[in-house]
Amino acid sequence: MNADIRKILVLGASGLIGRFLTDDLRGRGFRVVGVARRLSASQKAGALDLELPLMSMDAAAMARLLRDHGIGLVVNCVGVLQDGPGSDTAAVHREFVARLLQAIRESRLAIRLVHISIPGAAETDATAFSTTKREAERLIADSGLPYTILRPGFVVALAAYGGSAMLRSVAALPIDLSPAERLTPFQPVAMEDIAATIAWLAARDPGAANAVTWDLMQEQPVTLGDVIDQFREVFGTGKWWRIVMPAFLLDLGARLGDLTSLLGWKPPMRTTAIAELRRGVSGSPAGWMAATGIIPKTIGQMAGKRVATIQDKWFARLFPIKALMIASLVLFWVVSGFIVLVISYDAAAGILRSHGFPPALVAPITVGTSLMDMTIGVLIAFRRTSAFGLVAGIIALLGYLVGAAILTPDLWIEPLGALVKTGPAVVLMLVALLTLDNR
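Residues numbered from 1 in each chain as written. Predicted model: local features only at pLDDT ≥ 70, side-chain atom pairs only at ≥ 80, totals over all residues. Heavy atoms only, no water.

1. A few points about the overall build of the protein
Part 1 of the argument: Across its full length, the protein carries 17 helices and 11 strands.
Part 2 of the argument: In terms of its C-alpha atoms, the protein occupies a principal-axis envelope of roughly 85 × 55 × 40 Å.
Part 3 of the argument: For the protein, the residues scored as buried account for 48% of the 439 residues in total.
Part 4 of the argument: Counting only contacts in the protein whose residues sit at least 6 apart along the sequence, the fraction spanning at least 24 positions is 76%.
Part 5 of the argument: Of the accessible surface of the protein, which amounts to about 20400 Å², a share of 66% is contributed by carbon and sulfur atoms.
Part 6 of the argument: For the protein, the distance from the average site of its 42 positive side-chain charges to the average site of its 35 negative ones is 4 Å. (Helix = DSSP H or I, 4+ residues; strand = E, 2+ residues; numbered from the N terminus. Buried < 20%, exposed > 50% of the residue type's maximum accessible area, 1.4 Å probe, protein only. Contact = heavy atoms within 4.5 Å. Areas by Shrake-Rupley, 256 points an atom, 1.4 Å probe, with all protein chains shown as cover. Lys, Arg positive; Asp, Glu negative; His and termini not counted. Charge placed at Lys NZ, Arg CZ, Asp CG, Glu CD.)

Here's what the structure looks like:
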């Protein structure tokens, strides 16, 4: 075996597939360099976990990276679901791959490229996500470099991001998809089978299994409904009564997801995700199985090999609620500030006057606190500043409570209990803050 082949570069090492591959291959004895634009604190296992601006690196910089680490196999897991602020499917799927191919040539190393793509036929590609993925495949096939393209089905792993988290939520809650959507072909693949395939390739020279494209998925055809039902068995929700979500509600949720992506959020329910879900996941794993000898796990073996823990249940049930928490807190702060500033200014100012506040301070305090509330709501709305906004909101509410206790203690026994209700709002913001992490 060529010793260089055991040196692996995983691009996109912070994602669902990339992170698992990085950790799994290291456990198998491979020297793995994991690279991502940003890694969470828990993903930084050592000096070989690197944060690099992949999308802005030119071919020369990538070639240096390959040479510096003596890479023999590159696994490209980089991808984005949909165009939006900070996300460009063409730049990520096509232009980045073009630079990567050039970098492999310039490195003058015997490197095999393993590219993670998507299943399906080119004629059924209908989104920017799928068409740019297919363009990357064509670039790789025409490059003349050693390559293997892997097309995983619906990936099932212990961790759950994006679409996999969304389907687990459907399974864990009393909701269901329409009959037509449940019948969509949806062949899954175990994350362990993907890792085993990479390990099999890494143990062979680049000339072996070269210029091939494999579908990685269970052999037996199943539907989206079958996958969800299997997760329901794991969660113990199989016999629950359910509300069927009409198609228009799913479409509305996707449109709202697109809007929130303009604020920097990356919700799993967006128009591309729903379009790809309705397209389905299908293929033939025969070539992959014959070449590697791997017998893919079935959905029953993937999802049913262990009983769901309380962590699994909480995550699946809270995952869709997280969006509602953020949205409600944004409305809470923006609307409350707007009402005081525009609609009920005289009443709010009257409360301060009735409690002996100096007349010169009444207007500045009323206007200032209203603007502060609205600003906190706007900060929470944007993903980049959401954590800061939530912390600021908690501090502001605690300040209101302390100030009211000192200056206007009679408001604590006000019939509608406005101040008493502030405590649960603080707790809700704390929960939102603690669930902001995506991975």
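Resuming the write-up.
2. What about the UniProt feature "transmembrane region" (unreviewed entry) in the protein?
Part 1 of the argument: Annotation from UniProt places "transmembrane region" (unreviewed entry) at residues 323-345, 357-380, 387-406 and 418-436.
Part 2 of the argument: In the segment residues 323-345, helix accounts for 96% and strand for 0%; the C-alpha atoms at its two ends are 31 Å apart.
Part 3 of the argument: In residues 357-380, the share of helix is 92% and the share of strand is 0%. The end C-alpha atoms are 31 Å apart. (UniProt positions renumbered as here; feature names shortened; annotations may be inferred.)

3. Describing the nonpolar core
Part 1 of the argument: Counting residues in hydrophobic clusters, the biggest one holds 32 residues, and the most contacted among them are Ile8, Leu21, Leu25, Leu73, Val75 and Ile198.
Part 2 of the argument: Those elements giving two or more residues to this core turn out to be strand S1 (7-11), helix H1 (16-27), strand S4 (73-76), strand S5 (112-116), helix H7 (191-202), strand S10 (212-216) and helix H11 (286-292).
Part 3 of the argument: Among the elements that line this core, the one with the most residues is H7, at eight residues.
Part 4 of the argument: Residues in contact with Leu25, not counting those within four places in the same chain, are Ile8, Phe30, Val32, Ala195, Ile198 and Ala199. (Core = buried A, V, L, I, M, F, W, Y, C linked by side-chain atoms within 4.5 Å.)

4. Some remarks on the environment of Leu25
Part 1 of the argument: The topology assignment puts Leu25 in helix H1.
Part 2 of the argument: Counting along the chain gives 15 residues from Leu25 to Val10, while the straight-line C-alpha distance between them is 10.0 Å.

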